[in-house]
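Each chain, written out:
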Amino acid sequence: MSENTVVGQPEEPERPDAEVFDITTKRSAAAPAPEPAEAPVPSVPVEAEDDEDESPRLRPVDSPSLPDPGITTYKRQPILPSWITTKPGFVSTTQRAASNAFYATAFHGIRTPWYALRLGMNAPRGAARMVRDTNRWMWDAEAAPLRAYEVYKENTAEYLKLSRQRDSRVRLRVFVTVVGAVFGAGFALTMYVMAPGWLAVLASAAVLVAGFWGAPKDQPVIGPAVLKTELQKLTGSIVLRALDNIGNAKLSAAIKKGGDMNGMRFTSEITRDGPGYRADLDLPWGVTPEDIMEARKPLASGLRRKVGCVWPSADPTEHEGRLILWVGDKPMNETTKPAWPLLKSGSVDLFKPVVFGNDQRMGDVAVTLMFASVVVGSIPRMGKTFLMRLFLLIAALDPRAELYAFDFKGTGDFGALEPVCHRYRAGDEDEDILYVLESLRELRTELRRRAKVIKSLPRSRCPESKVTPELANDKSLGLHPIVVGFDECQVPFEHEKYGAELEEIATDLCKRGPALGMVTLFGTQRPDAKSLPTGISANAVLRFCLKVMGQPANDMVLGTSMYKAGYRATMFSRTDRGICWMAGEGDDPRIVASASTVLMLLGVPDRVIDQIMGWEPGTSARMRARYLHVPDAMLKDVAQKIAEAIWGPSEKGLVDKDQDNGT
C-alpha cells in the first residue's frame, strides 16, 4: 500500500464532538439533512447562573408577557368640509364661483346680438337637417342596415320579423308626423289671428333652435366665457410622484417598495383647505417634514406648481414623522388678501394676540407683542420697515401704550406715527444719535423704577413678578406698556462715540424689559454680529425674517440651525414682499404675509403705501383694492373714529389723503 503525504498543510486538530465511522461497513441510513434555520429572533446576553459555564445565555428581547400601553387615540373627521367651516375657505370658494358667474353673464350678455345674427345665418342649414332627420326617423332608416344584413345572409325568419317591426313603426311615426303638422299649422294660424306678437316670439325661438341645430360641430356659436387652465386636482398619485423625485433615498425606496411603504401612508383624504389642497401623511421611518421642506423646489416641480404654491410643514399635534402638505391654487403673493379684522374694533390690547397678517391658507395670524423682544431682518426693499411700522401702528391702537420710534434710515418712514410718539427721531447724524441715547437713558431709569415698583407690590397682586393687564391699567403705578422701535439698528450700534453705550442699554432693555412691560423692536437689513449684537439676537423671542441671501443672515434672525432645519428665508423671491418666516409665536416657525390694511385704515397717504409696498404707479389702485375691500367713504370714516379714540377729537379732523396725494 502506498502512502500519500501532503507537505506544508497543517494538521487539523481533532474535534471533541467528531464521530468515527468504519469505512468497511455500509451506513445504516443517510445522515438527516439539516433543518432550515428559522429567522433570528433579537436577543440579549444573560449572565450564566453557573460559574462553570462561561458562555452567556440568550433570551428574546420581545417578551410575550409585555403588556400593551392600552392607549388609543381617536381623531374625528370634520362633519363639514373645511371650506365651509372656515371663513377664508368659504369666502374664497364663493368669491371664485360668484365672480365666474358674473363674468360669464357679462361676457355672453354683451355678445347676444352677435349670437342672434349667427344663429339666424345657420337657421336654413338647421331646418334642412331637421327635415332630413325627421324623414329618416319617420321611415325607420336607422334599421335599414339590419334588414340588408339579413337579406345578405338569406335569413328569412329574421328578415320577416324586422319587416313587420318596420311596418308598425312607420305607421305610428307617419301618423304622429301628420298629426303634428296639422295641429302645428292650425296652432300657427290661430296665433297669427289672436296673438301675432306671441307668434313672432315663437318663430324667433324656432329660428334660434334651427340655428343651434345647423351650427358646425367644431365651431359652436356660444363659446366658453372663462377658459379653464390645466391646473390638476391634487391626488395621492401626484403627491407620491412628487415625493419620489425630490432626491430622498428613503422616500424613493419606500414608494418603490409599495405595500406598507416602510410606514408611509396617507392618514386622511386629500381635502380643500382654503384656496388650496391639504394632504396629511406619515413619512417613512427616519424621514421628517424638515427633509421635505429643504426640497421645496423639486417638490414643486413634481407637483407642477410654482414654488410659492407648495408649503410642506410639520403637524405640532402629532409625531415627528407627520407631514402636512398644503398646495395652493396660486402663489402666496398673488392671492387676494382678506380685509384686516381690526376694521371691526378700533382698539388693541397688547397683552392679547392681535391679528397682523395671513398664512398661506389666508387664515388669520396673530402675534402677542407683550413680554417679548422682536427682531426683523431682510435685504432692502422687501418690506422690513413696513413690518416694523405695522407693529408700531398696532401698538398705537392700545391707548395705554407709550411709543418710541427711531428711524435711522432718515427717510421719515415712521413719520405718520410722530403725533402719537412719546419720542421720535429720524436721521443718522450725531445729534440724532445723541437724542436717541438720551431717550434710552430715560428708558433705563424707567426700567429700574419699574423693577422697584414690582418688587414692592404684594405677591397677591403680582404673583409672577411681572407686569399684568391689571397693573398696566392702574395709572398710579405707571406700568403701562412701552414699545420702542429701532429701524436700521446697525447705524447706532456702529457709531464710534455712542455705539457702545447704545448697545449696552438696548441689550439691557431686550433682556429685562419684557417682564417690566417694555417691548423692543429691532429691524436691520444687514443681519450680522455687528448690526445685531449677540445679547439681542439671543434673547429676542419673536423673530421675523423676510428674504435674505444666505444661511448666516437666516440663522442670525431666526435662530441657530434654522436654515438646516428647513426654515429658509432664502427661498423667497423678489416679488414676495411682506412675506416672512415668523418664529416665536407657537412651537414651529410659520409663513406669514403681513397686512397692509393698517396703513390705509389709519389714513396713510396712497403714495407712501405704494412706496413701502413697492407697487408700481399704474397698478397701485388695483393692488390697494385687493388688500382692502371697503368703500373709500367707509375707510375714511373708520380712520376718523380710530384717530379720535386714540388722539382725541380734533377741530381739523383727519387729513384727507387726496390732499397729500396732490389731487
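To keep things clear, this report deals only with the structure shown in the data block. Just so it is clear, the model here is predicted, and its values are computed rather than measured.

About the thresholds
- Residues numbered from 1 in each chain as written.
- Predicted model: local features only at pLDDT ≥ 70, side-chain atom pairs only at ≥ 80, totals over all residues.
- Heavy atoms only, no water.
- Helix = DSSP H or I, 4+ residues; strand = E, 2+ residues; numbered from the N terminus.
- Buried < 20%, exposed > 50% of the residue type's maximum accessible area, 1.4 Å probe, protein only.
- Contact = heavy atoms within 4.5 Å.
- Areas by Shrake-Rupley, 256 points an atom, 1.4 Å probe, with all protein chains shown as cover.
- Core = buried A, V, L, I, M, F, W, Y, C linked by side-chain atoms within 4.5 Å.
- 1 Å grid on protein atoms, 1.4 Å probe; cavity = no way out; pocket = protein on both sides within 12 Å on 5 of 7 lines; lining within 4 Å.
- Points joined across faces, edges and corners; volume = space filled by probe spheres on them.
- Axes fitted to C-alpha atoms, helices over the stretch in contact; angles between N-to-C directions.
- Left-handed = near helix turned anticlockwise from the far one by under 90°.
- Nonpolar A, V, L, I, M, F, W, Y, C, P; charged D, E, K, R; others polar.
- Salt bridge = Lys/Arg side-chain N within 4 Å of Asp/Glu carboxyl O.
- Polar contact = N/O pair within 3.5 Å; in protein donor to acceptor, adjacent residues only side chain to side chain.

With that settled, the discussion passes to the overall build of the protein. Counting secondary structure elements, the protein contains 22 helices and 17 strands. Counting the 663 residues in the protein, one finds 40% classified as buried. The long-range fraction of contacts in the protein, counting pairs at least 24 apart against all pairs at least 6 apart in sequence, stands at 65%. When the accessible surface of the protein is split by element, carbon and sulfur atoms take 57% of a total near 39100 Å².

Attention now moves to the nonpolar core. A general trend in soluble globular proteins is that nonpolar side chains are found buried together. Grouped together as the largest cluster of nonpolar side chains are 96 residues, with contacts concentrated most on Phe356, Leu387, Phe391, Phe486, Phe522 and Phe544. In terms of residues, this core owes the most to one element, helix 11 (residues 384–396), which gives nine residues. Counting 25 residues, the second-largest nonpolar core is a separate cluster that includes Ile246, Leu251, Met261 and Val310.

A few words now on the layout of surface pockets. A volume near 1000 Å³ is recorded for the second largest pocket. Sorting the residues of the lining of the second largest pocket by element identifies helix 1 (82–85), strand 4 (271–272), strand 5 (276–282), strand 6 (310–314), strand 7 (322–328) and strand 17 (590–594) as the ones contributing at least two each. Sort the elements by how many residues they give to the lining of the second largest pocket and strand 6 lands first, with four residues.

So, on to the packing of helix 12 (residues 430–456) against helix 15 (residues 499–512). Two measures define how a pair of helices packs: the angle their axes make with one another and the distance between the axes. Axis separation between helix 12 and helix 15 bottoms out at 10 Å; the angle between their running directions is 35°. Seen from above, helix 12 lies across helix 15 with left-handed handedness. Contact with helix 12, carried on its side by Ile433, Val436, Leu437, Leu440, Arg441, Leu443, Arg444, Leu447 and Arg448, involves Glu501, Leu502, Glu504, Ile505, Asp508, Leu509 and Arg512 of helix 15 and no other residues of that element. A class-by-class count of the residues in the contact of helix 12 with helix 15 yields nine nonpolar, no polar and seven charged.

Under the counting rule described, the total for this entry stands at 27 salt bridges. A salt bridge links aspartate 244 to lysine 256; the shortest N-O distance between them is 3.3 Å. Here the residue aspartate 244 occupies a position in helix 7 (residues 236–244), and lysine 256 occupies one in helix 8 (residues 249–257), the gap between them amounting to 12 residues. Note on lysine 256: relative accessible area 63%, which makes it exposed.

Attention now moves to the side chain of glutamate 446. When you line up the elements, glutamate 446 lands in helix 12. Within the structure, glutamate 446 has its side chain in polar contact with the side chain of arginine 449 (distance 2.7 Å). Beyond its immediate sequence surroundings of up to four residues, glutamate 446 is in contact with Gly478, Ile482 and Met518.

Read these as spatial facts, not as claims about activity.
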